Structure formats: C-alpha cells, structure tokens
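What the coordinates show
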Amino acid sequence: MTLLDLTLKELWHRKSQLISGLLAITLGIGVIVGIRSISVESEKAVAVNLDNLGSNILVLPQAASIDNYYSADIDAPTFPESYVEKVVTSTLPGVDNMSPKLTRSVKIGNENIVLTGILPKSEIASKPIWQSGGLFGNQANASCAPKAGSQPAKYADKKLQRKGIDTLAGYDCFIGSSIAKKLNAKENGSLSIMNETFTVVRVLPETGTVDDDRVFANLHSVQALLGTGEQISAIEIMGCCNEISDGLLGKLRNILPDTRITTIGQIVSTQIETNRLMKKISIVFLIIILFVGGISIGNYIWANVNERHKEIGILRMIGYQKRDIYFILVLKALIIGLIGGIAGYLLGTLSAIWLGPQFAGIEVSAIYSLLIISIIISVIIAILGSLIPAYLAGKIEPFSNMQED
Amino acid sequence: MLIEINNLTKTYQRHNGAINAIDDITLGISKGSFVTITGPSGSGKTTLLLILGGLLQPTRGRMTYNGTGVNLQNEEELAEFRSDHVGFVMQSFALVPYLTAMENIMIALNVKNRDKAENKKRAIELLQWVGLDDRTTHYPKELSAGQQQRVAIARALANNPDLLLADEPTGNLDPGLSAEILGILKEINQKHNTTVVMVTHSPVAADFGTKKIQLKNGRLQDHELNVNVEQLIN
C-alpha cells in the first residue's frame with residue numbers, strides 16, 4: 001500500500017465525485033480540441049483555395065504603385081534581380097514559390113502589348129490556374145496543404161513540362177489568348193518583338209485576367225531586349241497563408257527593405273483575419289478553460305480535503321509528513337488531469353469529426369499531436385487548481401481524527 | 001525513564017481569555033510501565049496524551065525521550081518521532097474507510113518501509129496476532145466495533161513502537177469488548193515490554209495501569225509522580 005495505491009483507492013471509493021470533478025476539465029479540453037481540429041482543417045481548405053489562385057504576395061520597387069504593375073509603364077521603376085536570391089538564401093518559411101518579372105508595354109505592329117519576362121519554372125508552379133486549364137496537367141496542389149497532398153504539380157505531358165522549363169530560356173514565348181487573336185498568332189508560329197523573332201510555344205487558355213493580353217518570354221531575353229540589365233519590376237510570391245498571418249510580410253520587408261511588399265487581393269487579408277480570429281477564439285477559450293477548469297478542480301479538491309479531514313489527520317498521526325499530504329493531493333490532481341486530458345481529447349476529436357461535415361462542410365480527422373497538448377494543459381490546470389487546497393490540507397492537525405463524527 | 005516532561009504547559013487562547021489545558025506539569029514515565037490517565041472532562045488528559053505522542057505542540061516546556069530531547073516545535077521532527085516510536089489507539093478507531101484491514105496496517109508500515117511484499121506479510125502477521133487473519137480484506141464498515149479496534153491496535157504495533165498511546169480505547173465498546181481490548185493492551189505491555197499510556201474515564205480500565213495519573217484543571221493530582229527535574233536526573 002503506497003501513497004499511489006492510497007490515492008487510486010480513494011479516487012475509486014468516491015467515483016461520483018471523481019466524475020463531477022472531471023466533467024469541467026473534460027468539457028473544457030473537449031471544446032479547445034474541437035475548435036482546433038475544425039480550424040486546422042478549415043485553414044487547410046482555405047490554403048488549398050488560396051494556392052489555386054496563384055501568387056498572393058507582390059514585391060515592387062519602393063516607388064512603384066500597383067497601377068505600375070498592371071499598366072507596365074515604360075518608366076516604371078525596377079530593382080535588381082539579385083533580390084530573388086536574397087529571399088531564396090533567407091530560407092524563410094512560407095515562401096513556396098517565387099516568380100521574378102520584368103514587365104514593359106511594347107508595340108507589335110499597331111498593337112500595344114504587355115511583354116513580361118519570366119523565369120518559367122517558378123511562374124508555372126505559381127500559376128496552378130494554367131495547369132488546371134490543361135497546359136501543364138490538371139492537378140493543382142496547395143503549398144499549405146497537408147504533407148500527403150503537397151507533392152509537386154504533376155504534368156501530364158513530360159515534353160511540355162520540359163519545354164516549360166527549358167525552352168523559354170531562348171526566344172520562345174507564351175502568348176495570352178486575347179492578344180493572340182489580335183495578332184493572329186498561332187502555336188509554333190513566329191512573333192517579332194522589337195526586331196527579335198520569338199517562337200510562339202503556346203497560346204494560353206483564356207483566364208479572364210490581365211494575363212490574356214500579355215506575351216510571356218524568358219526574363220533574361222526580355223532584359224536583353226529592353227536593355228534594362230539585370231533588373232526586374234516585380235517578384236510575385238506564393239506565400240503560405242498561415243505564414244502570412246504569422247508575419248511573413250514583415251520578415252520579407254526586413255530582407256528587402258527598399259521595396260514595397262503587399263498582398264494581392266482581399267482574399268489573403270480575409271484569410272489572415274479569419275485565421276487570426278480562429279486563433280483568438282482558441283486563446284480566449286484556453287484562458288476561460290484555465291480559469292474555470294482550475295477553479296473547478298480547486299473546488300473539487302478542496303471539498304475532497306474537507307471530506308477527508310479525518311483521513312488526513314490519521315495519516316499525519318501515523319507519521320506521514322506534510323509533504324506526503326501535498327504529494328497525495330497533487331498526485332490526485334495529476335491523475336484527474338491525465339484522465340481529463342485524454343477524455344477531453346476524445347470528446348473534442350469525436351465531436352469535431354461528427355460535427356465538422358455537418359456544420360462547417362469540412363471533413364475533420366484526428367490530430368494526434370493535440371492529445372499530448374490536451375494532457376499537458378489539463379494536467380497543468382489540475383495541478384494549479386490543487387495547489388491551494390493541498391497547502392491548506394497540510395495545515396490539518398495530526399489529531400484531527402480524534403474529533404468525533 | 002522512557003519519557004520525561006518538564007514544566008509542560010499548553011495554553012489555548014479563547015475569546016474569553018487564555019486557558020491552560022496543561023499547567024506546568026513535570027513527570028516521568030518509565031520504560032515498560034502501563035500508565036493510566038484519569039480525570040474529569042476538560043482536565044487536560046487528552047491534551048497531555050497528544051503532547052506525549054508528538055501530536056500537539058505545547059506552549060512551553062521540554063520533553064526527552066530515552067534521554068534525548070524532542071524538539072516539540074518542529075513538525076517534521078515530531079512526525080518522525082511518531083512513526084519511529086509511537087503507536088496510537090483512538091476511541092473512534094481512526095481507520096481509513098476505503099482501505100481494507102490489511103491495507104490500513106500497510107499504510108502505516110509504508111511510512112518506514114516501501115517494500116509492499118514485506119509490508120503485506122507483516123500486516124497479515126499482525127492481523128493474526130489480534131485474531132483477525134480471516135478479515136484481512138474486510139473494510140472497516142464490514143467489521144464490528146471490537147474488530148475495528150483490534151485492527152487499530154494491530155496498526156499501532158506496525159512499526160514496533162516503544163510507546164503505545166491509547167485515548168479512551170474502550171469508549172465506544174460494550175463491557176465485554178472493553179475487557180477484550182484492555183486484555184490485548186495488557187498483553188502488549190507485558191509480553192513486548194511496550195510502554196502503554198492510556199487515557200480513560202473508566203475506573204475499571206484505570207485499574208489495568210501499573211501507575212495512575214489523575215489530572216484536574218491541567219495539573220497533576222497524584223504527587224507521587226509529580227517529581228521535579230533534579231529528582232528525575234538523579
């Protein structure tokens with residue numbers, strides 16, 4: 001009969017009290033686990049959607065505006081291409097793909113077109129909408145999606161894949177659907193731009209965006225053609241939405257201080273706000289649970305101490321030290337925390353799996369790492385809640401058992 | 001002398017002033033004696049017993065045990081003193097309700113020895129000695145009052161104490177069971193040479209003592225035992 005045996009026997013002896021003591025902590029942990037399980041899946045789902053939209057962060061020269069980016073003014077400011085390397089070498093988490101671009105408005109015949117120099121590999125990877133359009137396969141993958149689903153984009157046609165990466169190094173070009181019609185350009189035909197002849201590798205499918213009026217050529221060819229040197233007018237970045245909300249923009253600004261870094265569209269900011277809101281809700285719940293759970297456990301242990309007044313007196317009488325009494329009560333809290341953490345995790349996970357598809361339209365799966373977190377939080381709450389009652393229990397006199405019932 | 005106490009006083013602060021439950025008592029208890037403490041209610045019997053057992057800290061005074069001073073103001077030291085030297089038998093039996101007879105003894109053994117197997121063996125031996133070897137797995141509520149008191153006695157003997165303190169051990173028992181329990185205490189005293197100090201209201205129980213102390217208003221009434229320090233030392 002050790003103090004652990006004694007604690008377990010006492011817990012079993014007062015089962016109904018144990019259940020009521022566990023209820024608050026189990027429900028609390030269950031709520032946290034449920035919210036977290038659903039929000040993680042929600043973030044993943046939005047991340048997939050966000051990735052499918054392509055780049056979401058734009059790096060522009062300090063003096064440039066968004067209008068410059070779209071209008072491609074001849075005098076639009078530029079910055080060195082070496083900035084791309086700065087970002088790459090920084091190995092910032094959340095930068096999934098980068099596409100440096102040099103954009104200028106040029107004339108072909110009587111038509112004004114937007115000539116955009118790109119480094120094709122990153123451009124392709126950051127434009128899943130093209131892939132889904134059938135040019136490079138039909139599998140769009142989310143950079144922020146779970147690891148199992150984040151394999152590189154699959155290309156149906158290996159030849160095209162190779163072409164997309166390598167042949168643009170020369171004087172090949174992709175041409176937007178709208179400008180292709182205006183110039184009557186055909187695939188494998190030629191296109192003269194500023195006295196240089198480019199081969200039209202592909203007419204891009206209609207996207208309904210400014211890209212329909214663009215001609216894409218290799219960045220370095222465009223730089224040579226325009227005589228800009230190793231300058232670019234923008235870097236499009238596909239940032240992981242979770243990292244954006246965790247301050248990716250600020251980190252990029254530190255690396256590229258003399259640039260203007262912004263997010264594209266409202267989607268990102270909306271998602272950032274949603275993620276922040278989910279995190280805030282989780283934190284608010286965590287604080288509430290800490291208070292309510294701690295007080296509830298404290299109240300339970302204190303009621304238990306009062307009920308065990310004589311028992312504690314007996315233990316003190318037969319020679320147990322105060323520290324043994326503290327140990328018994330904290331051990332009890334630890335056991336309750338452990339059971340509460342596991343039960344809360346199961347409750348939260350099963351609820352999320354059941355309720356997620358019905359109320360949020362999201363398939364939720366168990367997040368096993370939350371089990372450890374649940375147990376840690378639950379045990380901390382239980383132990384904190386038990387400290388004052390344990391301290392007061394230590395003050396019980398060893399002759400308390402001599403008082404008659 | 002097993003125990004010597006000098007000028008022991010215990011004062012309680014009450015709303016209507018201070019009360020001396022024990023008032024400047026000096027006495028010695030020799031090894032192997034069976035001492036009974038009697039006196040009217042409120043005379044300080046139980047308070048004296050609690051101080052002798054290291055359960056209560058006196059307001060002032062000194063105590064030596066086997067010639068060694070006991071720090072009566074140090075709770076940790078008193079707890080060690082209790083587990084090393086003292087066994088307690090209480091009127092209310094003081095058994096843990098959710099532990100079996102055997103476990104109630106084992107929990108006392110666990111203070112000094114963490115070996116479960118050894119403790120179990122010793123607990124069964126003790127229960128055999130008090131005639132309850134067929135009740136090892138019974139809970140206190142499944143035992144009669146006399147059986148519960150025998151379990152309490154077995155627990156009191158768990159760590160081989162030199163001193164057994166009993167507070168009204170027959171207070172909740174009928175005369176037949178009282179005689180039985182008193183007989184066990186006498187046997188412990190005589191066969192194991194364990195010093196027994198028993199508080200009782202019962203004149204019959206008091207007659208079991210080889211030495212009798214009478215208290216009134218916290219002071220000794222029996223001058224034979226009320227010796228001074230010099231006499232004790234000599």
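In this text the structure is predicted, and so the values were computed from the model without any measurement.

**Section: the overall build of chain B**
For chain B, the count of helices and strands is eight helices and ten strands. Among the 234 residues that make up chain B, the fraction classed as buried is 49%. Counting contacts in chain B only where the partners sit at least 6 residues apart, residues at least 24 apart contribute 69% of the total.

**Focus: the overall build of chain A**
Of the regular secondary structure elements, chain A holds 15 helices and eleven strands. In chain A, the share of contacts with a sequence separation of at least 24, taken over all contacts with a separation of at least 6, comes to 80%.

**Quick notes on the confidence of the model for chain A**
Regions with low pLDDT carry predicted coordinates that are not meant to be interpreted in detail. This prediction gives chain A a mean pLDDT of 78; 78% of its residues lie at or above 70. Residue range residues 122-166 of chain A is modelled with pLDDT below 50. Its contacts to residues more than four positions away, or to other chains, number 85 contacts.

**A short note on the interface of chain B and chain A**
With 26 residues of chain B in contact, the opposing surface of chain A contributes 19 residues. Elements supplying a minimum of two residues to the side of chain B that touches chain A: helix 1 (45-52), helix 2 (75-85), strand 6 (86-90), helix 3 (101-109) and helix 4 (116-129) of chain B. For the side of chain B that touches chain A, the residue count by class is 14 nonpolar, five polar and seven charged.

**Things to note about the environment of isoleucine 19 of chain A**
Residue position: isoleucine 19 of chain A is located in helix 2 (residues 15-52). Taking the C-alpha atoms as reference, isoleucine 19 of chain A lies 9.8 Å from glycine 340 of chain A; in sequence the two are 321 residues apart.

**Some thoughts on the sheet that holds strand 1 (residues 3-14) of chain B**
In a beta sheet, neighbouring strands are held together by backbone hydrogen bonds and run either parallel or antiparallel to one another. Residue and element names in this part refer to chain B. The strand order 2-1-4-5 describes an open sheet built from four strands, whose pairing is antiparallel. Lying at the two open borders of the sheet, with one neighbouring strand each, are strand 2 (17-29) and strand 5 (68-69). Sheet analysis places strand 1 next to strand 4 (residues 60-65), joined by five bridges and oriented antiparallel. Within strand 4, the residue paired with threonine 9 across the bridge is arginine 60.

**Notes on helix 9 (residues 219-226) of chain A**
All names here are of chain A. Those residues of helix 9 lying buried are Leu219, Ser221, Val222 and Leu225. Taken down its axis, helix 9 places every buried residue within 160° of arc, on the same side. Two residues or fewer past helix 9, glycine 227 is found with a positive phi of approximately 70°.

**Thoughts on the pairing of strand 6 of chain B**
Residues and elements named next belong to chain B. Counting buried positions over the five residues of strand 6 gives five, a clear majority of the element. Residues of strand 6 alternate between two faces, with Val86, Phe88 and Met90 on one and Gly87 and Val89 on the opposite face, all of them buried. By the bridge criterion, five bridges tie strand 6 to strand 7 (residues 163-167) in an arrangement that is parallel. Across the sheet, the residue bridging to phenylalanine 88 is leucine 165, located in strand 7.

**A word on the packing of helix 1 (residues 3-13) of chain A against helix 14 (residues 322-360) of chain A**
Describing two packed helices takes the angle between their axes plus the distance from one axis to the other. Residue and element names in this part refer to chain A. The contact between helix 1 and helix 14 brings their axes to 10 Å, and the two run at 55°. With respect to their mutual orientation, helix 1 and helix 14 come out oblique. By crossing handedness, the relation of helix 1 to helix 14 is classed as right-handed. Seen from helix 1, the contacting residues are Leu3, Leu4, Leu6, Thr7 and Leu11; seen from helix 14, they are Asp324, Phe327, Ile328, Leu331, Lys332 and Ile335.

**Re unusual backbone geometry**
The phi dihedral of methionine 194 of chain A falls on the positive side, at around 50°, and the residue is not glycine. If you trace the backbone, methionine 194 of chain A turns up in the loop between strand 6 (190-193) and strand 7 (196-203). Of note in the backbone geometry, asparagine 7 of chain B takes a positive phi value of approximately 50° without being a glycine. Assignment of secondary structure puts asparagine 7 of chain B in strand 1. Its 14 C-beta neighbours within 10 Å are what place asparagine 7 of chain B among the partly exposed residues.

About the thresholds
Residues numbered from 1 in each chain as written. Chains lettered and ligands numbered in written order. Predicted model: local features only at pLDDT ≥ 70, side-chain atom pairs only at ≥ 80, totals over all residues. Helix = DSSP H or I, 4+ residues; strand = E, 2+ residues; numbered from the N terminus. Buried ≥ 20, exposed ≤ 12 C-beta atoms within 10 Å, placed from the backbone. Contact = placed C-beta atoms within 7 Å. pLDDT = per-residue confidence, 0-100. Nonpolar A, V, L, I, M, F, W, Y, C, P; charged D, E, K, R; others polar. Pairing = 2+ DSSP bridges. Arc of directions from axis to C-beta. Axes fitted to C-alpha atoms, helices over the stretch in contact; angles between N-to-C directions. Parallel < 35°, antiparallel > 145°, perpendicular 65-115°, else oblique. Left-handed = near helix turned anticlockwise from the far one by under 90°.

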